[in-house]
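Secondary and tertiary structure notes
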Amino acid sequence: MWPSGILLAAHGTRSAQGRAVVEQLRSQLEQRLSEPVRLGWVDVAEPHVDELIAPGDLVVPAFLGAGYHVKHDLPRSVARADGAVLTAHLGPHELVLDAVHQRVVEAGGPWPLTLLGWAGSSDPESRAEAGTAAALLASRWGVTVRVVTPAELPQAVAAGRAEGFERVGVASYLLAPGFFADKLADGGADGCSAPIGAHPCLVDLLCERVRAPLALRTA
């Protein structure tokens, strides 16, 4: 399908469970494409993307937000490999929100106040994307949705209860289990959804990300 190969790029985590979930995502993408897909990490875990990337590779970022890794680290890695192409990241796409929705329903939500728990970023575009996801989910669910980081969660839960919300829950806007997911689960809310994980909707979106540059290349 792609002249060199397909490289799925993920953030990285020290959580063995988190790495296993991303590996499951890689495996399902490989099955759907009927093409080999390699997995490289940008931080914390190994092998690093820089160790795996080859000339002509199609690099697919498994990132929800357009933070530093997506806008700086991965483009630098791709620039070192002749002919390599970087696809768009995941973003607040409808397929991502479909997956979040299912995880929230599985956890007993949405709740009257639903806190969209994300890792956080200093990048304005990434923060704006999280806000877009919250607004779209609020419209879908008909409830109040606010964006919070794990560090902000306990205060946000307390504030919501003080405002009169009978139930306050967390919609995890994270890809895989790990440090941030644990913090969200322990934040004192009435419920917390699981991370998105290797959801079929996410695999659908990754396939779209692969096929878009392929169509341009073969046109």
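- The name recorded for the protein chain in an unreviewed UniProt entry is Sirohydrochlorin chelatase, from Luteococcus peritonei.

**Description of the sheet that holds strand E3 (residues 58-61)**
- The strand order across the open sheet formed by four strands is E2-E1-E3-E4, and the pairing between neighbours is parallel. Among the strands making up the open sheet, the edge pair consists of strand E2 (37-41) and strand E4 (85-86).
- Both E3 and E4 contribute to a ladder of two bridges, which runs parallel. Residue pairing across strands places Leu58 opposite Val85, the latter belonging to E4.
- The sheet strands contacting helix H1 (residues 16-33) are strand E1 (6-10) and E2, and the helix crosses E2 at an angle near 155°.

**Some points on the pattern of salt bridges**
- Scanning the entire structure with this criterion turns up 13 salt bridges.
- The residue Asp50 makes a salt bridge to Arg80 at a minimum N-O spacing of 3.2 Å. Remark: Arg80 occurs in the loop between helix H3 (68-79) and E4 and Asp50 occurs in helix H2 (residues 49-52); sequence separation between them is 30 residues.
- Here Arg80 falls in the exposed class, since its relative accessible area comes to 59%.
- A salt bridge links Arg76 to Asp73; its shortest N-O distance comes to 2.7 Å. A residue pair is termed a helical-turn pair when its members lie 3 or 4 positions apart in one helix, as Arg76 and Asp73 do in helix H3 at three residues.
- Owing to a relative accessible area of 40%, Arg76 belongs among the partly exposed residues under this scheme.
- Several salt bridges share partner residues, and in doing so they unite Glu23, Arg26 and Glu30 into one network.

**Brief notes about the nonpolar core**
- Counting 47 residues, the largest nonpolar core has Leu8, Val96, Val100, Leu116, Trp141 and Tyr173 as the members making the most contacts within it.
- When contributions to this core are tallied by element, the ones reaching two or more residues are E1, H1, E2, E3, helix H4 (94-106), helix H5 (124-141) and helix H8 (200-218).
- Considering every element that reaches this core, the biggest residue donor is H8, with seven residues.
- Not counting residues within four places of it along the chain, the set of residues in contact with Leu116 comprises Ala130, Ala133, Ala134, Leu137, Val145, Arg146, Val147, Val148, Ala171 and Tyr173.
- Counting residues in hydrophobic clusters, the runner-up holds twelve residues, among them Val42, Phe63, Leu74 and Ala81.

Reading guide: rules and limits
- Residues numbered from 1 in each chain as written.
- Predicted model: local features only at pLDDT ≥ 70, side-chain atom pairs only at ≥ 80, totals over all residues.
- Heavy atoms only, no water.
- Pairing = 2+ DSSP bridges.
- Helix = DSSP H or I, 4+ residues; strand = E, 2+ residues; numbered from the N terminus.
- Contact = heavy atoms within 4.5 Å.
- Axes fitted to C-alpha atoms, helices over the stretch in contact; angles between N-to-C directions.
- Salt bridge = Lys/Arg side-chain N within 4 Å of Asp/Glu carboxyl O.
- Buried < 20%, exposed > 50% of the residue type's maximum accessible area, 1.4 Å probe, protein only.
- Core = buried A, V, L, I, M, F, W, Y, C linked by side-chain atoms within 4.5 Å.

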